[in-house]
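Understanding the architecture of this molecule
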Amino acid sequence: MAEDRSQQAPRPSLSRQLLPAVHGMLARPLSSYYLLLASSGLLLLIGLTMVFSATSVKAFAENGNAFSAIANQAVFALLGLFAFWVCQRLPAGTLRDLGKFVLGAAIVLLCILDLLGALKSVGVLSRSAIGPIRADLLWLYFGPIGLQPAEFAKLGMVLWGADVIARKGPALGHWRELSRPLFPVVGLLFVLVGYNDLGSMLVLLALIVGLLWAAGVRLRVFAALGVLGLAGISLLIAAASGGAGSGQAGESNYRLARLTNFLQPIESCDLDGPCYQLIQARSAIFEGGWFGVGLGKGALKWNWLPQADNDFIYAVVAEELGVVGCALILALFSVLAYTGFRIARRSQDPFRRLAAAAITTWMVAQAVINIGGVTGMLPITGLPLPFISAGGSALVVTMAAVGMLASFARAEPQASLALNARPPARWVRLVWAPLPPLPPSRRPKPAPAKAGTGAEGRR
């Protein structure tokens, strides 16, 4: 018996037991769809919780109601869920047709926003407003309704750019095909968005890179894009000294300070100047430790940390939830990135593949830039953290993009076959999402029989 026990095989480790189970779950037809819903849904719930924690103190001090800010965010979350539902139901052909209209509307709104700011900077207008239309840095207001045109520019660029590249097909290998009309429109967007918002311009650049990478464009095109991007950033930094965007003529260049301050040691940085936000964010991360001080118990959000509910909400997460909470958010974004690129890889339709890659690159790049700025690893650019930061336009547009990804996930070949083989109830299809189209058959068409080769021909 002792010899038999010594000859028994050792028990497999926990990782070897879990790997087959995870592989089996990922091999299911609708795994991409459920991973997308789970990761984005959890990020949205965490975002609403952290926005309430970051705004309750200030909201109570200003108007006596701690729930006023989170109530607004909850309304935008509901609008975002509606946008998700609509975009999940739209077929790919409709999305392709909508792209040029969304991009055109975004360009018009950006022109109005930049024009009002430019007229004020040269002294033509006393304030950035004409009648009920008012510009406030990155926001454009039509009476009481405010929106960020740069967010709609991202969504329009995804749809329009994916449609243009998908139509060009193999001809995209020629440089002249990129120069008509993709690059002129991209250059125009860079100027209109970067005039006020350098961070959104960098996200647009990452989005374009994701589109072209998924299309298989040659590497020299990316080198040219990098050179143009650096030149554009240099011009925008120089323009800020002359009062362009949110800069002030004769004042220090705030854009240059943002791009260089994170490289300076803390001892040589002006704590009362541009480094104030960065120092306070690092203090919040230091105070949080591994497990945080507790949800709602953070101190730096009491007007010590500017933009605690928006650009720097990740610092509030670090202070109240610690490294564990930060790691959870990073893990959810990693799942979202894996799922988005998985959807792009599995999509047979070129438009779906390109759009999925662009949306995923957009969200991942924005999350990396925001978290890198808060932790001091990247310059501060003023970008919100997707799903987590407070804000209306960003949340609604992000949820709409996730709805498109959900539609693409349901259209994966295996998912489409499974849904059509065992369709859900009719009321589910009417209320939630219709059946996706069946994938095209890959069976080769039978070659037509030649005359005289059959039995009758031999006779």
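Residues numbered from 1 in each chain as written. Predicted model: local features only at pLDDT ≥ 70, side-chain atom pairs only at ≥ 80, totals over all residues. Heavy atoms only, no water.

Heads up, the rule is: UniProt positions are given in the numbering used here, feature names are shortened, and annotations may be inferred rather than shown by experiment.
The protein appears in an unreviewed UniProt entry as Probable peptidoglycan glycosyltransferase FtsW from Paractinoplanes aksuensis. As recorded by UniProt, the Function (unreviewed entry) comment attached to the protein reads in full: "Peptidoglycan polymerase that is essential for cell division." In its Subcellular location (unreviewed entry) section, the UniProt record describing the protein reads: "Membrane".

Regarding the overall build of the protein
This is how the line gets drawn: What counts as a helix is a DSSP run of H or I of at least four residues, what counts as a strand is a run of E of at least two, and both are numbered from the N terminus. Each residue's exposure class comes from its accessible area (1.4 Å probe, protein chains only) as a fraction of the maximum for that residue type: buried when under 20%, exposed when over 50%, partly exposed otherwise. Accessible surface area values rest on a Shrake-Rupley calculation with a 1.4 Å probe, where residue burial reflects the displayed protein chains alone.
The helix and strand inventory of the protein stands at 18 helices and four strands. Relative to its 459 residues, the protein shows a buried fraction of 46%. Of the roughly 23,800 Å² that the protein leaves accessible, carbon and sulfur atoms contribute 66%.

Some remarks on the nonpolar core
Put simply, the test is: To form a nonpolar core, buried Ala, Val, Leu, Ile, Met, Phe, Trp, Tyr and Cys residues must be joined to one another through side-chain atoms within 4.5 Å. By definition, residues are in contact when any of their heavy atoms lie within 4.5 Å.
With 108 residues, the main nonpolar core has M157, L182, L212, F387 and F408 as its most contacted residues. Every residue in contact with F387, bar those within four places of it in the chain, is listed here: S40, L43, L44, G47, F333, L336, M363, L395, T398, M399 and V402. Listed in part, the six residues of the second largest apolar core include L113, L116, L140 and L147.

Details of the pattern of salt bridges
Going by this rule: Definition used for salt bridges: Asp or Glu carboxyl oxygen within 4 Å of a side-chain nitrogen of Lys or Arg.
Within this structure, the stated rule accounts for five salt bridges. In this structure, the salt-bridge partner of D349 is R352, at a minimum N-O distance of 3.8 Å.

Some thoughts on the packing of helix α6 (residues 149-168) against helix α9 (residues 198-215)
For the record, the criterion: Angles shown run from 0 to 180 degrees and are taken between the N-to-C directions of axes, each axis being a line fitted to C-alpha atoms and, for helices, limited to the stretch in contact. In this scheme, roughly parallel covers angles under 35 degrees and roughly antiparallel covers those over 145, while 65 to 115 is roughly perpendicular and the rest are oblique. By the definition used in this description, the sense in which the near helix is turned from the far one sets the handedness, with an anticlockwise turn below a right angle giving left-handed and a clockwise turn giving right-handed.
Packing of α6 against α9 brings their axes to within 10 Å, and their N-to-C directions diverge by 15 degrees. Here α6 lies roughly parallel to α9, going by the angle between them. Where α6 crosses over α9, the handedness of that crossing is right-handed. Mapping the contact onto sequence places A150, A153, K154, M157, V158, G161, A162 and I165 in α6 and S200, V203, L204, L207, I208, L211, L212 and A215 in α9.

Things to note about unusual backbone geometry
Positive phi values are uncommon outside glycine, yet L137 reaches one of about 60 degrees. As for its position among the elements, L137 is in the loop between β2 (133-136) and β3 (139-142). In this model, F387 sits at a positive phi of 75 degrees, which is unusual for a non-glycine residue. Summarising the element assignment, F387 is placed in the loop between α14 (350-375) and α15 (392-410). Looking at F387, the relative accessible area reads 3%, which means it is buried.

Here we look at helix α3 (residues 31-63)
We count it as follows: What a helix is expected to span follows from its residue count: subtract one and scale by 1.5 Å.
For α3, built from 33 residues, the straight-helix expectation of 48 Å at 1.5 Å per residue is met to within 8% by its first-to-last C-alpha distance of 46 Å. One or two steps after α3, the chain reaches G64, where phi turns positive at roughly 75 degrees.

A closer look at the sheet that holds strand β4 (residues 145-147)
What links the strands of a sheet is backbone hydrogen bonding, and the strands pair in either a parallel or an antiparallel sense. Keep this limit in mind: For two strands to be treated as a pair, DSSP must find no fewer than two bridges joining them.
One open sheet holds the four strands; their spatial order is β1-β2-β3-β4, and the pairing between them is antiparallel. Because the sheet does not close on itself, it has two edges, and the strands there are β1 (129-130) and β4. Note: β2 against β3, four bridges, orientation antiparallel. Within β3, the position partnered with A135 by the bridge is L140.

Quick notes on the packing of aromatic side chains
Cut-off, in case you're wondering: Each aromatic pair joins two rings of Phe, Tyr and Trp (for Trp, the six-membered one) with centres within 6.5 Å, and gets the label stacked for planes under 30 degrees apart, edge-to-face for over 60, and tilted for any other angle. Our definition puts a charge over a ring when NZ of Lys or CZ of Arg is within 6 Å of the ring centre and also within 35 degrees of the ring normal.
Taken as a whole, this structure holds six aromatic pairs when the rule is applied. Their ring planes at 20 degrees and their centres at 5.2 Å tell us that F52 and F67 sit as a pair that is stacked. Taken together, the residues span a long stretch of sequence, with F52 in helix α3 and F67 in the loop between α3 and α4 (68-89) at a distance of 15 residues. F52 sits in the partly exposed class, given a relative accessible area of 29%. Ring centres of W139 and Y141 lie 6.3 Å apart, and the angle between their planes is 25 degrees; this geometry places the pair in the stacked category. On the basis of relative accessibility, which here comes to 24%, the residue W139 falls in the partly exposed class. Against the face of Y141 rests R134, its NZ or CZ located 4.3 Å from the ring centre. Geometry around Y33 places R410 over its ring, the cationic atom sitting 5.6 Å from the centre.

Considering the environment of A367
Along the polypeptide, A367 turns up in helix α14. Placed 20 residues apart in sequence, A367 and F387 show a C-alpha to C-alpha distance of 9.6 Å. Once you skip the residues sitting within four places of it in the chain, A367 turns out to touch F333, L385 and P386.

Some thoughts on helix α12 (residues 276-288)
Over its 13 residues, α12 extends 19 Å from the first C-alpha to the last, a length consistent with the 18 Å expected when each residue adds 1.5 Å. Regarding α12, the residues found buried are Q277, L278, I279, Q280, A281, A284 and G288. On its buried face, α12 sits against α13 (313-346) and α14.

Let's talk about the environment of N420
The cut-off we apply is this: Counted as a polar contact is a pair of N or O atoms within 3.5 Å, where, for protein atoms, one must be capable of donating a hydrogen and the other of accepting one, and residues adjacent in sequence contribute only when both atoms are in side chains.
Mapped onto the secondary structure, N420 falls in helix α16 (residues 413-421). Note on N420: relative accessible area 26%, which makes it partly exposed. In the structure, N420 is positioned 15 residues away from L435 in sequence and 6.7 Å away in space, judged by C-alpha atoms. Apart from residues lying up to four places away in sequence, N420 is in contact with L435, P436 and L438. A distance of 2.7 Å separates the side chain of N420 from the backbone oxygen of S416, its partner in a polar contact.

Topic: the side chain of R342
Quick reminder of the rule: We treat Lys and Arg as the positive residues and Asp and Glu as the negative residues; His and chain ends play no part in the count.
Examined against the element boundaries, R342 turns out to sit in helix α13. No salt bridge is formed by the buried R342; its nearest oppositely charged neighbour, E412, is found at 4.9 Å. A distance of 2.6 Å separates the side chain of R342 from the side chain of S32, its partner in a polar contact. Excluding anything up to four places from it in sequence, R342 contacts L26, R28, S31, S32 and E412.

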